[in-house]
Amino acid sequence: MMANPAFAQASLRSPDALTTVELTWLEKRVEHWIRFGRDVAETIIDRRRRVLSFAPNTVFAFVRWASNDFGTVVSRIDIVRSVAPGEAYQTLPFVRPGGEILLRISGWPKVERVFAAVDAVEALGIDPADATPEHWRHVHNRLGAGYEPRPYSRDQHRAWLLRRMLS
């Protein structure tokens, strides 16, 4: 028996199926923002806080930065794939329920290198949210080991799109 595609699509948009990310902006104190990713809903809580919602299987970059009177205390970027209900996930602060963490980098110099990798993907005319998840894992592993990540290529992206069409 085939599932009703309209029902399946509606169930993916239900609030329980969405991954939410709480963003905060207190200038020069706490700054949480999304570097890339396609949200499907936004809820504004107040002037400084809002919640973005992402459909399952959406890739997004979540940046957290905080400081105190003595300087920066948190610099972090996480590139995450949102998950469907019932799928395994890892927990992450401010992300509900969590997601598949493709990249997790701390420390401003390394975060800047991730920004450069994101910029390089965008320079190809490719939305970083559409890049293969393996690229973000590669960037994570190379930076974690102290090496320069290999750049993303149009050929790599084309191969990813073909693999995705087959599954």
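Our subject is the structure that appears above.
Since we're looking at a predicted model, the values are computed, not measured.

K.L.:
Whenever I open this one, the overall build of the chain confuses me. Can you help?
P.N.:
Within the chain, the regular secondary structure consists of 4 helices and 8 strands. In sequence order, the secondary structure elements of the chain are arranged as α-β-β-β-β-β-β-β-β-α-α-α. Relative to the 2.2 N^0.38 estimate, which gives 15 Å for 167 residues, the radius of gyration of the chain is 17 Å and therefore close to what a compact globule would have. A principal-axis box enclosing the C-alpha atoms of the chain has dimensions of 60 × 40 × 25 Å. Each of the 167 residues in the chain was classed as buried or not, and the buried ones make up 38%. Within the chain, residue pairs in contact and separated by at least 24 positions form 57% of the contacts whose partners lie at least 6 positions apart. Computed over 23 positive and 19 negative side-chain charges, the separation of the two mean positions in the chain equals 3 Å.

K.L.:
I'm lost on the packing of aromatic side chains in this one. Help?
P.N.:
Inspection of every chain in the model, using the stated rule, returns 4 aromatic pairs. Judged by centre distance (4.3 Å) and plane angle (10°), the rings of Phe54 and Phe60 are stacked. Phe60 carries the same exposure label as Phe54, and that label is buried.

K.L.:
Please explain the side chain of His138 as it appears in this structure.
P.N.:
Its place among the elements puts His138 in helix 3 (residues 133-144). Polar contacts involving the side chain of His138 include one to the main-chain amide nitrogen of Arg150, which spans 2.8 Å. Setting aside residues no more than four positions away along its own chain, His138 makes contact with Pro149 and Arg150.

K.L.:
Would you take a moment to explain the pattern of salt bridges for this structure?
P.N.:
It is possible for side chains of opposite charge to pair when their charged atoms get near one another. One pass over the full model with this rule turns up 17 salt bridges. In this structure, Glu100 engages Arg137 in a salt bridge whose closest nitrogen and oxygen atoms are separated by 2.3 Å. Note that Glu100 is positioned in strand 8 (residues 95-106) and Arg137 in helix 3, a separation of 37 residues in sequence. Judged by its relative accessible area of 22%, Glu100 falls in the partly exposed class. Taking the relative accessible area as the measure of exposure, Arg137 reaches 28% and is therefore partly exposed. Between Glu134 and Arg163 there is a salt bridge; the shortest N-O distance is 3.7 Å. Highlighted residues: Glu134 in helix 3 and Arg163 in helix 4 (residues 154-166), separated in sequence by 29 residues. Classification of Arg163 as partly exposed rests on a relative accessible area of 44%. One continuous salt-bridge network, built from bridges that share partners, spans Arg81, Glu87, Glu100, Glu134, Arg137 and Arg163.

Rules behind the numbers
- Residues numbered from 1 in each chain as written.
- Predicted model: local features only at pLDDT ≥ 70, side-chain atom pairs only at ≥ 80, totals over all residues.
- Heavy atoms only, no water.
- Helix = DSSP H or I, 4+ residues; strand = E, 2+ residues; numbered from the N terminus.
- Rg over C-alpha atoms; globule rule 2.2 N^0.38 Å.
- Buried < 20%, exposed > 50% of the residue type's maximum accessible area, 1.4 Å probe, protein only.
- Contact = heavy atoms within 4.5 Å.
- Lys, Arg positive; Asp, Glu negative; His and termini not counted.
- Charge placed at Lys NZ, Arg CZ, Asp CG, Glu CD.
- Phe/Tyr/Trp six-rings, centres within 6.5 Å; stacked < 30°, edge-to-face > 60°.
- Polar contact = N/O pair within 3.5 Å; in protein donor to acceptor, adjacent residues only side chain to side chain.
- Salt bridge = Lys/Arg side-chain N within 4 Å of Asp/Glu carboxyl O.

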